[in-house]
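Architecture and fold: a report
Listed below, chain by chain, are the residues.
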Amino acid sequence: MKTVINAVAAVLAVAVISFMLWRTPPPAWTDAEITVLRSLWLESLSALPAAPGNAVADSPAAALFGQKLFFDTRMSANGSISCATCHQPERRFTDGLQKGQAIGTSKRNTPSIVGTAHSPWLYWDGRRDSQWSQALSPLEDSSEHATDRTRVVRLIAQDENYRATYESLFGALPELAKADEPAVNTVFANVGKSIAAFERTIMPTTSRFDRFVAAVADGDVEAQALLFTDDEKWGLRIFIGAGNCTQCHNGPLFTNNEFHNTGVISFSGEVPDKGRVVGIKQLLTNEFNCLGQYSDDANQQCAELIFARTGVELIGAFRTPSLRNLEHTAPFMHKGQIATIAAVLRHYNEAPDAMIGHNEAQPLGLSARELRQLEAFLKTLAAPVARLPAMIGGD
Amino acid sequence: MHRVVLHCFIICLVSLIFLQTAQAHGGVVDEGDLCVIKVNYLRAHFKIYQPRVTGHEQFCEDLPVASESVFVMEYLHDSLSTMPIEFRIIRDVTGKGRFARLEDVENIDDIESATVFYQPPILEPDVYTVIHEFVEEGDFIGIVSARNLETGKVYAAVFPFEVGFTGWGYWPLFVGLLVLLQIQYLAMSGRLRRWFSKSSTTMAAVAICLLLLPPATFAADFVVTYSTPSGKPQINRMHSWILHIENESGAVVEGAIIDVTGGMPEHNHGLPTKPRITQELGGGDYKLEGMRFHMSGYWEIVVNITTETGKSTVIIALRI
């Protein structure tokens, strides 16, 4: 009889202890952790980096012009495609599809534009090195706008408003009939520079996570408890700790804007995407790159481009995406291969060998519960979509 | 100890057997962890995936089902990246199955009609990939050829494989038998015992093993210190360093040729940039531009210094 009672007591004790552990609130943040939390805080976002290649980058008039161009469907082969066809403002400038869809199908997933002014590289493979040079590519991409530079220049020349705005920003338009290639390219580049001035204003907004960090910074325990559940706190702790996520997803935009191979599976019916190893070669030969004649950077500093890494290590590497607003950026990864956050986390937990190159992430061995907590945390990065700044007080 | 050496010995024997079969006909060889294709003397890491069915699982030759299959060759020999590579898959019409060789394939009269997949020669500087969706199971032969653009010489490899692969057949048995026979022979002849009884031989083996370990790269004859504009290296920011170099006796080192690499050894990757010395500032100072760290964690900066008196490597370890 005694042994039975003992056994029951033991089972009870184990049950109670595990229940308590289960419910354990996370311990208070250490100073080191608070430093990391602050580094992820939107308040810590540095001032916009200068864009020496774009003389009108910070001109409100150019931003307004750029915004009109961004939504203008006339800059396309069939008159129905604009940048906003794929980069939809209400979806945080993405489209919810695996791959961009316009005149044809893009090669990759449509990324958000938010915060890209902070990145030295554009595109998943970083094949452009400025917002302005990037904006030119979709216009001539046969599966996106499928138009060409001459037609774009003609549109600017023929639309009276555009012409006036253009000339007030950049000086007289060349006469089309006589314009040589560099003259056409200059106008084309200026179109990109105006669109970039608009894109530069698109920044993320404050999320619940940012309010939580504010409460942590203030030492306001009550506010912390109101803002984050225990699961979300545990999830955050995994994010900056055992999950190793901040190795790549760091800083207030949750990205280091660098290239990594994370072993994502190939897209159905395609060979694995080679990513950065090809992107850097394309960038080095792009006529609109930082070192090209259409850049306004008189000093041609171009440190990023000059010191850019090349080589086999970049096989299958892609630029780390921001993790803010994952609620709008699904499906995930460079070809939209993974549909849900839960599936992304399962992928990281296993960290399988990459099909090409080497997966830099290590298997995590997190439990199902820890993965749910991590997911709960990632969802706290959701935030309202920013209003389009150029429209404020605009026409 | 003896047992370890014995194992080494057996592994050597087994790999010798494998190497011999590989040399006999350029083809695909399963080298334990690594599956290698030999196009004559050119080697590449070879793997096949069926991503829709088995995800990230790698196959060396035989494939479980008829499905979308991705063939990958990661060059172990640089010259493959400068040669146009041609890839063909044919139904096995040689009747030789697993023993089909290049000669057998060359003797096929109408190779086109047997072909199920053909990728014309193409230069792939980084990694070679092709995709083919098998519609039926059966025996196939893969033919990879690479042409040296300078000499015009063509190198080829042939690898028979099965789609809808049901088992390993008698191959492991065959190899196992060979190994057993070999050990049996050695043991019978008393050679094994004689070999290992001489402890001097064992010592020699251990010494050789130790010699094979990578040599230490740390050299103490230069002292390298660095400074950065903001006091400490920053994350995600392009910045420059000043390297200061002194020799053992504390004299500054001038006129050195310096080459800088580095990376995160724990993550098996290098620096995100290609930094280099842009200016010698005098007094043992050198300006190092293009430094950027894109991850927090442990980094090593490897400074290779060449002076008139010799070469040396100094590693700067730092946590960011």
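Fair warning: this is a prediction, and the values are worked out from it, not measured in the lab. (Residues numbered from 1 in each chain as written. Chains lettered and ligands numbered in written order. Predicted model: local features only at pLDDT ≥ 70, side-chain atom pairs only at ≥ 80, totals over all residues. Heavy atoms only, no water.)

Quick notes on the overall build of chain B
Looking only at helices and strands, chain B features seven helices and 18 strands. Burial statistics for chain B: of 320 residues in total, 42% are counted as buried. Taking the contacts inside chain B whose residues are at least 6 apart along the sequence as the reference set, 62% of them involve residues at least 24 apart. Surface summary for chain B: the accessible area is close to 17,500 Å², and the carbon and sulfur share equals 57%. (Helix = DSSP H or I, 4+ residues; strand = E, 2+ residues; numbered from the N terminus. Buried < 20%, exposed > 50% of the residue type's maximum accessible area, 1.4 Å probe, protein only. Contact = heavy atoms within 4.5 Å. Areas by Shrake-Rupley, 256 points an atom, 1.4 Å probe, with all protein chains shown as cover.)

As for the overall build of chain A
When helices and strands are counted, chain A shows 16 helices and two strands. Seen through its principal axes, chain A has C-alpha atoms that stretch 105 × 45 × 40 Å. For chain A, the residues scored as buried account for 53% of the 395 residues in total. Within chain A, one finds 35 positive and 42 negative side-chain charges whose respective centroids are separated by 4 Å. (Lys, Arg positive; Asp, Glu negative; His and termini not counted. Charge placed at Lys NZ, Arg CZ, Asp CG, Glu CD.)

As for the interface of chain B and chain A
On the chain A side, the residues contacting the 39 residues of chain B number 42 residues. Interface area for chain B against chain A, summed over the two sides, is near 3,200 Å², with a carbon-plus-sulfur share of 53%. Taken together, chain B and chain A are joined by four salt bridges. Mapped by element, the contributors of at least two residues to the side of chain B that touches chain A are β3 (42-49), α2 (51-54), β5 (68-75), β8 (128-133), β14 (269-270), β15 (276-282) and β16 (285-291) of chain B. Among the elements that take part in the side of chain B that touches chain A, β5 of chain B stands out by supplying four residues, more than any other. (Buried area = accessible area lost by both parts, 1.4 Å probe. Salt bridge = Lys/Arg side-chain N within 4 Å of Asp/Glu carboxyl O.)

Describing the packing of helix α15 (residues 341-350) of chain A against helix α16 (residues 368-379) of chain A
All names here are of chain A. Interaxial distance between α15 and α16 falls to 10 Å at its minimum, and their mutual angle equals 130 degrees. With respect to their mutual orientation, α15 and α16 come out oblique. In terms of crossing hand, the pair formed by α15 and α16 is right-handed. Contacts between α15 and α16 involve Ile341, Ala342, Leu345 and Asn349 on the former and, on the latter, Leu371, Leu374, Glu375, Leu378 and Lys379. (Axes fitted to C-alpha atoms, helices over the stretch in contact; angles between N-to-C directions. Parallel < 35°, antiparallel > 145°, perpendicular 65-115°, else oblique. Left-handed = near helix turned anticlockwise from the far one by under 90°.)

A short note on the pattern of salt bridges
Tallying each qualifying case throughout the model produces 32 salt bridges over all chains. Glu167 of chain A is paired through a salt bridge with Arg163 of chain A; the nearest N and O atoms lie 3.8 Å apart. In this pair, Glu167 of chain A and Arg163 of chain A both sit in helix α7 (residues 160-170), four residues apart, roughly one turn of the helix. On the accessibility criterion, Glu167 of chain A (29% relative accessible area) is partly exposed. We note a salt bridge from Asp104 of chain B to Lys96 of chain B, for which the minimum N-O separation is 2.9 Å. Its relative accessible area of 15% is what places Asp104 of chain B among the buried residues. Salt bridges sharing common partners tie together Lys99, Arg108, Asp125, Arg127, Glu270, Asp273 and Lys335 of chain A.

Focus on the packing of helix α5 (residues 131-140) of chain A against helix α8 (residues 181-199) of chain A
All names here are of chain A. Packing of α5 against α8 brings their axes to within 7 Å, and their N-to-C directions diverge by 115 degrees. Our classification of the angle between α5 and α8 gives roughly perpendicular. Relative to α8, α5 is oriented so that their crossing is right-handed. Contacts between α5 and α8 involve Gln131, Trp132, Gln134, Ala135, Leu136, Leu139 and Glu140 from the first element and Phe188, Ala189, Gly192, Lys193, Ile195, Ala196 and Glu199 from the second. For the contact of α5 with α8, a count of residues per class yields eight nonpolar, three polar and three charged. (Nonpolar A, V, L, I, M, F, W, Y, C, P; charged D, E, K, R; others polar.)

Looking at the pairing of strand β2 (residues 34-39) of chain B
All names here are of chain B. Of all the six residues making up β2, five are buried; the element is thus mostly covered by neighbouring parts of the structure. Linkage of strand β1 (residues 28-31) to β2, two consecutive antiparallel strands, is achieved through a turn of two residues, within which Gly32 is found at a positive phi near 75 degrees. Relative to β3, β2 runs antiparallel, the two sharing four bridges. For Val39, the partnering residue across the bridge sits in β3 and is Leu42. If you look at the hairpin formed by β2 and β3, you'll find two residues sitting between the two strands, and Asn40 has a positive phi there, around 55 degrees. (Pairing = 2+ DSSP bridges.)

Considerations on the pairing of strand β10 (residues 154-163) of chain B
All names here are of chain B. The buried fraction of β10 is high, at eight of ten residues. Relative to β10, strand β9 (residues 138-147) runs antiparallel, the two sharing ten bridges. Bridge assignment links Ile141 to a residue of β10, and that residue is Pro160.

Brief notes about the sheet that holds strand β12 (residues 239-247) of chain B
All names here are of chain B. What the four strands build is an open sheet, ordered β11-β12-β16-β15; its pairing is antiparallel. Only two strands of the sheet have a single partner each, and these edge strands are β11 (222-227) and β15. Each neighbouring strand pair of the sheet contributes to a mean axis angle of 30 degrees, computed without reference to strand direction.

Brief notes about the state of the cysteines
Under the defined criterion, the tally for this structure stands at two disulfides over all chains. Across a sulfur-sulfur distance of 2.0 Å, Cys290 of chain A and Cys302 of chain A are joined as a disulfide pair. Linking Cys290 of chain A and Cys302 of chain A, the disulfide has an S-S dihedral of approximately -85 degrees and is accordingly described as left-handed. Residue Cys290 of chain A is found in the loop between α12 (276-284) and α13 (303-306), and its partner Cys302 of chain A is found in the loop between α12 and α13; the two are separated by twelve residues along the sequence. Side by side, Cys290 of chain A and Cys302 of chain A carry an identical accessibility label, which is buried. What pairs with Cys35 of chain B in a disulfide is Cys60 of chain B, and their sulfur atoms sit 2.0 Å apart. (Disulfide = S-S within 2.5 Å.)

Notes on the domain arrangement of chain A
Residues and elements named next belong to chain A. Each domain of chain A was delimited in the assignment, giving domain 1 (27-40 + 206-252 + 254-275 + 316-381) and domain 2 (60-199). Each of domain 1 and domain 2 has a C-alpha centre, and the two are 31 Å apart. Facing 22 residues of domain 1, the contacting portion of domain 2 comprises 22 residues. Across the domain 1/domain 2 interface, buried area totals approximately 1,700 Å², and carbon plus sulfur atoms make up 52% of it. Taken together, the connections running from domain 1 to domain 2 amount to two salt bridges. Our enumeration of links across domain 1 and domain 2 arrives at 13 residue pairs in polar contact (both at pLDDT 80 or more). Among the elements of the structure, β2 (318-319) and α14 (326-329) are those that each provide at least two residues to the side of domain 1 that touches domain 2. By residue class, the composition of the side of domain 1 that touches domain 2 is seven nonpolar, nine polar and six charged. (Domains from an automatic or database assignment. Polar contact = N/O pair within 3.5 Å; in protein donor to acceptor, adjacent residues only side chain to side chain.)

Section: α5 of chain A
Residue and element names in this part refer to chain A. Summarising burial for α5: nine of the ten residues are buried, a large majority. Along α5, the residues classified as buried are Gln131, Trp132, Ser133, Gln134, Ala135, Leu136, Ser137, Pro138 and Leu139. Where the residues of α5 are buried, they touch α6 (149-158) and α8.

Details of the sheet that holds β14 of chain B
All names here are of chain B. Taken together, the four strands give an open sheet; going across it, the order is β14-β13-β17-β18, and neighbouring strands pair in antiparallel fashion. Looking at the sheet topology across the chains shown, the edges are occupied by β14 and β18 (310-319). Where strand β13 (residues 257-264) lies against β14, two bridges are found, and the strand directions are antiparallel. Paired with Met264 across the bridge in β14 is His269.

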